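# Architecture and fold: a report
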Amino acid sequence: MRDDLLPVLACPVCTEPLARTAPGQAGCRNGHRYDEAKQGHLTLLPVKRRALTADTPEMVDARLRFLGRGHYAPVERALTSVVADATAPGVVLDVGSGPGTYLAHALDGTTRGDAAGRLGIALDLSAVAIRRAARIHAHVGAVVGDVTERLPVVDHAVAVVLDVFAPRNQHEYARVLHPGGVLVVVTPRVGHLAELAAATISVDPEKERRLHDSLTAAFTPRSTEDLTWTMELTAEDVHDVVHMGPSHHHVAADTVFTPETVTAAVTVSTWTPAR
């Protein structure tokens, strides 16, 4: 973990900022200590939390392969544009980050010439994913954390929150965002991966309304962009897009797929903290 990212992180026990306390260890002024994993990430889970299912190694590997082939490049470009245009001070926080692919792309877009660029934090419940995120970009620090609980981040330390196909915790997003910061949410629309309907989880037609209703108590909508594109997927691509998300738990591992022309349809919305 980068030393300059530690003060942004909060102790999950007492919420005090963290600092370097020894090589390979971070802690707060109240004496709570957290050892870094050999990959460089920290585990900052609440003492008491709900039992949730995290991404498996198979899901993480499938996601890295699929995203690595550039199939979701329109999403990556949209996120990069928002982060590059951000004016508030602070880090980029990717919640439900998985292995940090989107965050790495977004941070690359903030480096101009000799500029140092933004720093980022990848946060995910899956230790498998966070081990990968810890090494995905020199400006990224990685944390095993729970987006459904209090985030292990200090108040107003974040310039941009990225939420890409992830659960949302709007009140925590509002707490950690700088008053001039921005929340970016990427959600699937009806028709997303429609050609793979037999093997994927369908999109709730009410998803957009529920997103709006869930966020408006703490945020003001700023912009909305619908992205639709066609992907020519090999059999391996189809396997990976099915198994990189929740559908993995419902499709047999030995299912044989065939090449498909598949539609991607997502909404990228941006929000600012309500005044």
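Residues numbered from 1 in each chain as written. Predicted model: local features only at pLDDT ≥ 70, side-chain atom pairs only at ≥ 80, totals over all residues. Heavy atoms only, no water.

### Overview of the sheet that holds strand E2 (residues 25–27)
Quick reminder of the rule: The criterion for strand pairing is that DSSP finds at least two bridges linking the strands in question. Secondary structure elements follow DSSP: runs of H or I of four or more residues count as helices, runs of E of two or more count as strands, with numbering from the N terminus. To get an axis, a line is fitted to the C-alpha atoms, and for a helix only the part in contact is used. The angle between two axes follows their N-to-C directions and goes from 0 to 180 degrees.
Taken in spatial order, the three strands line up as E1-E2-E3 in an open sheet, and their pairing is antiparallel. The outermost strands of the open sheet, each flanked by one partner alone, are strand E1 (19–22) and strand E3 (33–35). Here the strands of the sheet are splayed against their neighbours by 40° on average, with no regard to which way each runs. Pairing of E2 with E3, which is carried by three bridges, proceeds in the antiparallel orientation. Paired with Gly27 across the strands is Arg33, a residue of E3.

### Quick look at the pattern of salt bridges
To keep it simple, the criterion reads: For this analysis, a salt bridge means a side-chain nitrogen from Lys or Arg found within 4 Å of a carboxyl oxygen belonging to Asp or Glu.
The final tally for this structure, using the stated rule, is 13 salt bridges. With a shortest N-O distance of 3.1 Å, Glu16 and Arg29 are connected by a salt bridge. Placement of Glu16 in the segment before E1 and of Arg29 in the loop between E2 and E3 is noted, with a sequence separation of 13 residues between them. One salt bridge connects Arg69 with Asp237, and the closest N-O pair in it is separated by 2.7 Å.

### Considering the packing of helix H2 (residues 73–85) against helix H3 (residues 101–108)
Note the threshold: Angle categories: roughly parallel below 35 degrees, roughly antiparallel above 145, roughly perpendicular from 65 to 115, and oblique for all the rest. Note on convention: near helix rotated counterclockwise from far helix by under a right angle means a left-handed crossing. Clockwise means right-handed. Pairs of residues are marked as contacts when any of their non-hydrogen atoms sit within 4.5 Å. Gly falls in the polar group here, along with every residue not listed as nonpolar (Ala, Val, Leu, Ile, Met, Phe, Trp, Tyr, Cys, Pro) or charged (Asp, Glu, Lys, Arg).
Running from amino to carboxyl end, H2 crosses H3 at an angle of 50°, the nearest separation of the two axes being 8 Å. It follows from the interaxial angle that H2 and H3 lie oblique. Crossing angle aside, the handedness with which H2 passes H3 is right-handed. The residues of H3 that touch H2, namely those facing Val75, Glu76, Leu79, Thr80 and Val83, are Thr101, Tyr102, His105 and Ala106. Residue composition of the contact of H2 with H3, grouped by class: five nonpolar, three polar and one charged.

### Things to note about the sheet that holds strand E9 (residues 177–188)
Strand order across the open sheet formed by eight strands is E4-E7-E6-E5-E8-E9-E11-E10, with mixed pairing between neighbours. For this open sheet the edge positions go to strand E4 (42–43) and strand E10 (219–233), each flanked by a neighbour on one side alone. The sheet contact formed by E10 and strand E11 (residues 260–273) spans 14 bridges and is antiparallel. Bridge pairing in E11 places Glu225 opposite Val268. Where H2 meets the sheet, it contacts strand E5 (91–95), strand E8 (158–164), E9, E10 and E11, and its direction lies at approximately 150° from that of E10.

### Details of helix H1 (residues 57–68)
Filter applied, for reference: Between the first and last residue of a helix there are one fewer steps than residues, each counted as 1.5 Å, and that sum is the expected span. Whether a residue is buried, partly exposed or exposed follows from its accessible area with a 1.4 Å probe, protein chains only, as a fraction of its type maximum: under 20%, in between, or over 50%, in that order. For this quantity, the arc is that covered by the directions from the helix axis to the C-beta atoms.
Taking 1.5 Å as the rise per residue, H1 with twelve residues should run 16 Å; its terminal C-alpha atoms sit 16 Å apart, in good agreement. Within H1, burial applies to Met59, Val60, Ala62, Arg63, Phe66 and Leu67. Viewed end-on, H1 has its buried residues packed into an arc of 160°, placing them on one side of the element. Along its buried surface, H1 packs onto H2, H3, helix H4 (127–133), E10 and helix H7 (235–243).

### What to know about the environment of Thr200
Relative to the helices and strands, Thr200 resides in the loop between E9 and helix H6 (207–215). Thr200 sits 51 residues away from Val251 along the chain, and the two C-alpha atoms are 8.3 Å apart. Not counting chain neighbours up to four residues away, the residues in contact with Thr200 comprise Leu193, Val242 and Ser247.

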